[in-house]
Amino acid sequence: MIPCLFQDCLAKGCFLNGHINLSIDGKTVICPPGASVLEAAEENGIKIPTLCHHSGLEPFGACRLCLVEDENTGRLMASCVTPAAPDMAVLTASPRVIKHRRNIVRLMMAEHPESCIVCSKGNRCQLRRIAAQLGIGETGLYPMPNYKAYEQANPFMVRDLSKCVLCGKCIRADHELVVAGAIDYSHRGFESRPATVHELPLELSSCTFCGTCLSMCPTGALAPKNNMFVGTPDREIPTVCGFCGVGCSLSMGVFSDTVVEVNPSRGKNTVNGSTLCVRGHFAHDFLNVSQRLTRPLIRRDGQMSPASWDEALDTAATRFLAVQKESGPSSVAFLGSSKCTNEENYLFQKIARVLLKTNSVDNGGYLSGRSALAPLYKRTNGGDRVRSLAGLEKAEAIVVIGADVTETLPVVSYGLKRAAQKGTPLIVIDPRQTGLSAHASMRLPLKPQTDLELINGLSALLVRKKAQNAIFTDHFTKGFEAFKEALLKLDLEKTGRVTGVTPEALDEAAEYLRGKSVAFVVGGGVLEQRYAALTLDALFNLCLMTGSLGHAGAGLYVLAQENNQAGAWDMGTVPDALPGRQPLNDSLAREKFERAWQASISPDRGLDLIRMIEEAEKGNLKALYVMGENPLRALPQPDRVKRALEKLDFIVVQDILKTETTEIADVVLPGAAFSEKGGSFTNLEGRIQFFNPAVPPPGEAKPDWEILDLLARKMGSPRRFGSLERLRGEIAGLVPMYAGINEGSGAVWVVEASDKELFKNEGGARVSFAPVSSIEEEGQSDSYPLTVILGSVRFHLGSGTRTGYSGRVREFHQNGAVELSPQDWTAFGLQAGDSVKLTSAHGSVVRETAKNSALTQGLVFVPEAVHNNDARNLIGLFPLGQPDSPGWKTCPVRLEKL
Amino acid sequence: MEPKEIDWERLNLIIDKNKGEKWGLIPLLQEVQETFGYVPPESIDLIASALGLFPSQVQGVVTFYSGFALKPKGKYVLRVCQGTACYVKGGRSILRMMKKETGLEVNETSPDYQFTLETVACLGACFLAPTMMVNRAYFGKLSPAKVTSVLAQYKKDEVER
Ligand code: SF4
Ligand code: SF4
Ligand code: SF4
Ligand code: FES
Ligand code: FES
């Protein structure tokens, strides 16, 4: 928009931006072209009651409450669907408007059931509020309650459609925002209602229990289900979801000191808009379970017993210092958390590095592919990291590779489905049919772990079609000719053989991408596989070749499973980098920190998460500090991990819940959940989001940064930070990427570390193509003829420690059935309800089975997180792939019918 | 009552004709309704995926228009008018008689799928009240005798076949 030049455009009309002048209630107002009368009014502080309007949805005009009167013609119009026009003059509360509005509300109330007075929506019901504003008590009409289905079989939502006013918000949210299509209007007239197909209960429909419809419902027709009375929120506090890497903005409804309800925040430009997923919306009930840790514990004579903070912290500090003194810095390790805040992770690694002189610091992000991403990060020199999800909806073409986003990161899937609905070509590369497949232009069903070959094949085809972006490669890259030669030499027949994708399908995919700048959405299927690092290199080559970098809606959208996976890395909770992802072996960087911290830092990388276990097994690691992680459940071969960690002399676990890991701890320190402390998380886009506590921590529990701050003092740090502001001040000074962290409220973006003009302007450093690598064709072994693919289900996050404590998620019975192809199902003579035992070289699981007609023969899908995450028994702890790529996505197994 | 067998081949043929065309939903449903006498609920998912719609949307359209039915209807749909004019002229007795003659309640279909009995609020032929329709044919100035003879026509038809 051109800035306004004249102040008198209010009187004369705007000729620069086409702004429209109109009169509302006798006041001249100005609004942008295309605005509705309602928007014009709202923008100018004039309130018009609405029921069916929502700024995130297309205008609909169902309820007619937003009536206004045209002063010139006397016509009554629904302002939400009436475009503002020049010289229009409307009245929003003329006697006629009020009369009609009252009648509409009276009719609605007459149709409402008596249960209105005990409705849990209470005074937050928009209908009731509007009725009150219009002074409607008794309707004076013959009551005709419209009794309809009451549904509450699922543990998440109650649907009492007798309270439905047919505003259609739920339906539109379901179609326009989350693109689930679970419900639509059914029937007509008095009978009409939002219904699932075949009027099935929600759990048998395509509903994902995202609850987006629920948060929009103006009445009590849709309400969260609670198993006991929890009270109606008396205040609402904005915060950030602590589950996945999307980092949705939430509004927590608090009653007394308990979080009783969660809705999407009403903030502007949030990552999630008005949507959420089932975890963010409903699984927060884990916050209030009795298994929360509420006081420090110390193991005495083998028994855990309550202790004071002083005692517990003293024990932790003394023991750690003693072990370190006796056996050297390599005998202690710190496992930080991809779930804790930036401030906490910063402090955590600082304690390890400064006070215990060890670089053996890591976090749970290792499990979701951090090590595979590190080389790529180096290759771009930290440039091109910030990537807003909103850009996906502007993409020219989208490739989703190894990302089952409808389950893992639902809010990302909404954007992808919306893009596909608008006609953006969407290619899904996945061995399994996923929730996105139905929305995709095409799916390339490749064999597991062959993504590398497929991407190279696709690049080769594009080169053969001369579809590279020569302008881009000329300006920003080096080594394209050699890369092109290597691609031209590629044997596409081998690509077909190895990947199992037909040449026709590959060609069709190449045609979709030809000449486009592409957004690649990369998920755990790539990041956690054994060729992860090589595949990322190949994908980045393809980005360079197609010029898919440097603008919104293009490039690698690398997904993050955990809420602060990115931030924990940024804050240096890793064995080979300092805060700001500054390499440990970079002496300039090190010196900067040494000066600031007044301590010497070793240039040698420490132990990563897996090597910590390895060293514990060998007896070299003696003390471990775990904050906000549950390695006994999250790591492969949990039994082996347990045995290894039991060998330690000393283990401190700081967490919010009783977990498998707290059970073996010597000291347990009760921390605070994300809703109980202040801090910041960095989401997968590179957006640093701040939040304040919504409620206090339970019992004696403390925010984790406070615990660390106290511990550091006990370990000999000269003074405490004492406040988040001071902590942030130090981070901002030392970590250029986080220069904005002083902001302390709302959100700021990560400042791209270096070469940030890389793909935006000429003159930045050029990026080289990585060599074209290839994988060997693998035969299946006879003893383990099937391939297991591990994957998530949307009700759980990660290993399911927190979501597994959610009463609602537990009640939503999931048997965690392993899925088999129809061919294997028949071959093994299975029947519904049969159980099987899957055995790999490392362990076994016993589960019920289900037939999945979309699964390729030879593949078995095993859902993670359920059954105490026993799926992890199947995979080996030590990396199969290259050092950077643990390869925990698939494994060979054999199957026995039980 | 025997559930109706669905001729899947025929159904798929109709669906294929409209594949990928969202706007083709109504003509498609009309053809299905005409061919099968109803829109089999089992067809909703197929229709939706062929047209790129949500199944719930297809169901919404089916249940909105009275011309579509999710339950099989009889070969002859008997619509007895209960509009004001017909009501005044004895439409209620006509309906009572129809129920007795066919042995059906309103909105019920005979086990042999011969008749479905329905009511309607005005057929737009009030001057002929009381009225009824059998499929697309109108019958006016009904009397008990006339009702019996109209019904006999359709029953006879059944015997012939
Ligand atoms: S259930 Fe709620 S949101 Fe949906 S149409 Fe009814 S009142 Fe509106
Ligand atoms: S909970 Fe989500 S998926 Fe289910 S009906 Fe509502 S909007 Fe649709
Ligand atoms: S779990 Fe992820 S997608 Fe779901 S609400 Fe939380 S941040 Fe959003
Ligand atoms: S808000 Fe305008 S019609 Fe409902
Ligand atoms: S009332 Fe029966 S035809 Fe009009």
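Residues numbered from 1 in each chain as written. Chains lettered and ligands numbered in written order. Predicted model: local features only at pLDDT ≥ 70, side-chain atom pairs only at ≥ 80, totals over all residues. Heavy atoms only, no water.

(A) View of the sheet that holds strand β22 (residues 518-522) of chain A. All names here are of chain A. Read from one edge to the other, the open sheet built from five strands follows the order β20-β19-β18-β22-β23, with strand pairing classed as parallel. This sheet does not close on itself; its edge strands, each paired only once, are β20 (442-444) and β23 (555-558). In this sheet, adjacent strand axes meet at a mean angle of 20 degrees when their direction is disregarded. This element, helix α12 (residues 410-421), spans β18 (397-401), β19 (426-429) and β22 of the sheet and lies at about 140 degrees to β18. The strands that helix α13 (residues 451-464) touches are β18, β19 and β20; relative to β19, the one it contacts most, it runs at about 145 degrees. (Pairing = 2+ DSSP bridges. Helix = DSSP H or I, 4+ residues; strand = E, 2+ residues; numbered from the N terminus. Axes fitted to C-alpha atoms, helices over the stretch in contact; angles between N-to-C directions. Contact = heavy atoms within 4.5 Å.)

(B) Representation of the pattern of salt bridges in the model. Residues and elements named next belong to chain A. All chains considered together, the criterion is met by 45 salt bridges over all chains. As a salt-bridge pair, E393 and R418 come within 2.9 Å of each other at their nearest N and O atoms. Residue E393 is located in the loop between α10 (370-379) and β18, and its partner R418 is located in helix α12; the two are separated by 25 residues in the primary sequence. Among the ionic pairs, D704 bridges to K677, the shortest N-O distance being 2.8 Å. Here the residue D704 occupies a position in helix α25 (residues 704-714), and K677 occupies one in the loop between β28 (667-670) and β29 (679-682), the gap between them amounting to 27 residues. The class of K677 is buried, set by a relative accessible area of 3%. Among the ionic contacts, a cluster of salt bridges with common partners joins K465, D507, E511 and R514. (Salt bridge = Lys/Arg side-chain N within 4 Å of Asp/Glu carboxyl O. Buried < 20%, exposed > 50% of the residue type's maximum accessible area, 1.4 Å probe, protein only.)

(C) Main features of the side chain of A:T573. Residues and elements named next belong to chain A. Mapped onto the secondary structure, T573 falls in the loop between α20 (565-570) and β24 (577-578). Taking the relative accessible area as the measure of exposure, T573 reaches 0% and is therefore buried. A distance of 3.2 Å separates the side chain of T573 from the side chain of N345, its partner in a polar contact. T573 has contacts with G336, N345, F348, Q349, V361, D362, N363 and A568, leaving out every residue within four places of it along the chain. (Polar contact = N/O pair within 3.5 Å; in protein donor to acceptor, adjacent residues only side chain to side chain.)

(D) Main features of the site of ligand 2. Near ligand 2 you find A:M157, A:D174, A:V178, A:A180, A:A182, A:I183, A:C207, A:T208, A:F209, A:C210, A:G211 and A:C213, and these make up its full shell. Across the shell around ligand 2, the residue classes tally to nine nonpolar, two polar and one charged. (Near = heavy atom within 4 Å. Nonpolar A, V, L, I, M, F, W, Y, C, P; charged D, E, K, R; others polar.)

(E) How the structure looks around the side chain of A:D709. One can find A:D709 in helix α25. When near neighbours in sequence (up to four residues on either side) are disregarded, A:D709 contacts A:L347, A:R720, A:F721 and A:G722.

(F) Quick look at the interface of chain A and chain B. On the side of chain B, 12 residues touch chain A, which itself brings 18 residues to the contact. Between chain A and chain B, the buried area comes to about 1,100 Å², and carbon and sulfur atoms account for 55% of it. Interface area lost by chain A to chain B is led by A:R188, A:V197 and A:H198, which between them contribute 44%. Viewed at the interface, chain B and chain A are joined by zero salt bridges. Linking chain A to chain B there are seven residue pairs in polar contact (both at pLDDT 80 or more). (Buried area = accessible area lost by both parts, 1.4 Å probe.)

(G) Region of the structure containing the domain arrangement of chain A. Residues and elements named next belong to chain A. The domain boundaries assigned to chain A delineate domain 1 (9-93), domain 2 (114-284), domain 3 (300-367 + 564-749), domain 4 (388-552) and domain 5 (786-897). Each of domain 3 and domain 5 has a C-alpha centre, and the two are 31 Å apart. At the interface, 21 residues of domain 3 touch 19 residues of domain 5. Summing the contributions of domain 3 and of domain 5, the shared interface buries around 1,700 Å²; its carbon and sulfur component is 63%. Of all residues in domain 3, R633, P636 and Q637 bury the most surface against domain 5, accounting for 36% of the area lost on that side. Inspection of the region where domain 3 meets domain 5 yields zero salt bridges. Where domain 3 meets domain 5, there are nine residue pairs in polar contact (both at pLDDT 80 or more). (Domains from an automatic or database assignment.)

(H) Just the packing of aromatic side chains, in detail. Going through the model one piece at a time under the given rule, you end up with 26 aromatic pairs over all chains. With 5.7 Å between their ring centres and 65 degrees between their planes, A:F348 and A:Y625 make a pair best called edge-to-face. Placement of A:F348 in helix α9 (residues 342-355) and of A:Y625 in strand β26 (residues 623-627) is noted, with a sequence separation of 277 residues between them. In this pair, the class of A:F348 matches that of A:Y625, namely buried. Note on A:F480 and A:F769: the rings are 5.4 Å apart at their centroids and 50 degrees apart in plane angle, and the pair reads as tilted. Here A:F480, found in helix α15 (residues 480-488), pairs with A:F769, found in the loop between β32 (767-768) and β33 (786-791); they are 289 residues apart in sequence, far enough to count as distant. When sorted by exposure, A:F480 lands in the same class as A:F769, which is buried. Linked through ring pairs, A:F156, A:F209, A:F282, A:F795 and A:F812 together constitute an aromatic cluster. Note that A:R188 overlies the ring of B:F64, its terminal NZ or CZ placed 5.8 Å from the centroid. (Phe/Tyr/Trp six-rings, centres within 6.5 Å; stacked < 30°, edge-to-face > 60°. Lys NZ or Arg CZ within 6 Å of the ring centre and 35° of its normal.)

(I) Layout of empty space enclosed by the protein. All names here are of chain A. Applying the stated criterion to the full structure yields 10 cavities of 30 Å³ or more. The volume enclosed by the largest cavity comes to roughly 530 Å³. As for the largest cavity, its lining consists of 39 residues, of which K339, E562, G628, E629 and R802 are closest to the centre. Split by residue class, the lining of the largest cavity holds 12 nonpolar, 17 polar and 10 charged. When residues of the lining of the largest cavity are assigned to domains, at least three fall in each of domain 3 (300-367 + 564-749) and domain 5 (786-897). (1 Å grid on protein atoms, 1.4 Å probe; cavity = no way out; pocket = protein on both sides within 12 Å on 5 of 7 lines; lining within 4 Å. Points joined across faces, edges and corners; volume = space filled by probe spheres on them.)

(J) Looking closely at the sheet that holds strand β10 (residues 222-224) of chain A. Residue and element names in this part refer to chain A. Taken together, the three strands give an open sheet; going across it, the order is β6-β7-β10, and neighbouring strands pair in antiparallel fashion. Edge positions in the open sheet fall to β6 (150-151) and β10, since each of these has one partner strand only. Bridge count between strand β7 (residues 157-160) and β10: three bridges; the pairing is antiparallel. Bridging across to β10, V158 finds its partner in A223.

(K) Up close: the domain arrangement of chain B. Once the domains are mapped, chain B shows domain 1 (8-64) and domain 2 (76-160). Taken over C-alpha atoms, the centre of domain 1 of chain B sits 30 Å from the centre of domain 2 of chain B.

(L) Here's a closer look at helix α2 (residues 25-36) of chain B. Residue and element names in this part refer to chain B. When the terminal C-alpha atoms of α2 are compared, their 16 Å separation across 12 residues agrees well with the 16 Å that a helix rising 1.5 Å per residue should span. L25, L28, L29, V32, Q33 and F36 are the residues of α2 that are buried. The arc that holds the buried residues of α2, viewed along the axis, is 135 degrees, so those residues lie on one side. In the core, the buried residues of α2 are packed alongside α1 (8-17), α3 (43-51) and α4 (55-64). (Expected span 1.5 Å × (residues − 1). Arc of directions from axis to C-beta.)

(M) Inspection of the pairing of strand β36 (residues 844-851) of chain A at higher detail. Residues and elements named next belong to chain A. Pairing of strand β34 (residues 818-820) with β36, which is carried by three bridges, proceeds in the parallel orientation. Considered in β36, the bridge of L820 is made with K851. Bridge analysis of strand β35 (residues 835-839) against β36 gives five bridges, and the strand direction is antiparallel. Residue T839 lies in a different strand from β36, and its bridge partner there is S844. Following β35, the chain reverses through four residues before pairing antiparallel with β36.

(N) Broad picture of the nonpolar core. All names here are of chain A. Judged by nonpolar contacts, the single largest core of 115 residues is most densely connected at F320 and Y625. Broken down by element, the residue count for this core peaks at nine residues, all from helix α19 (residues 532-546). Residue contributions to this core reach at least three from each of two domains, namely domain 3 (300-367 + 564-749) and domain 4 (388-552). The contacts of Y625, once residues within four sequence positions are left out, are F320, A333, F334, L335, F348, V652, Q654, L669, I707, L708 and L711. Counting 81 residues, the second-largest nonpolar core is a separate cluster that includes V254, L392, L409 and L657. (Core = buried A, V, L, I, M, F, W, Y, C linked by side-chain atoms within 4.5 Å.)

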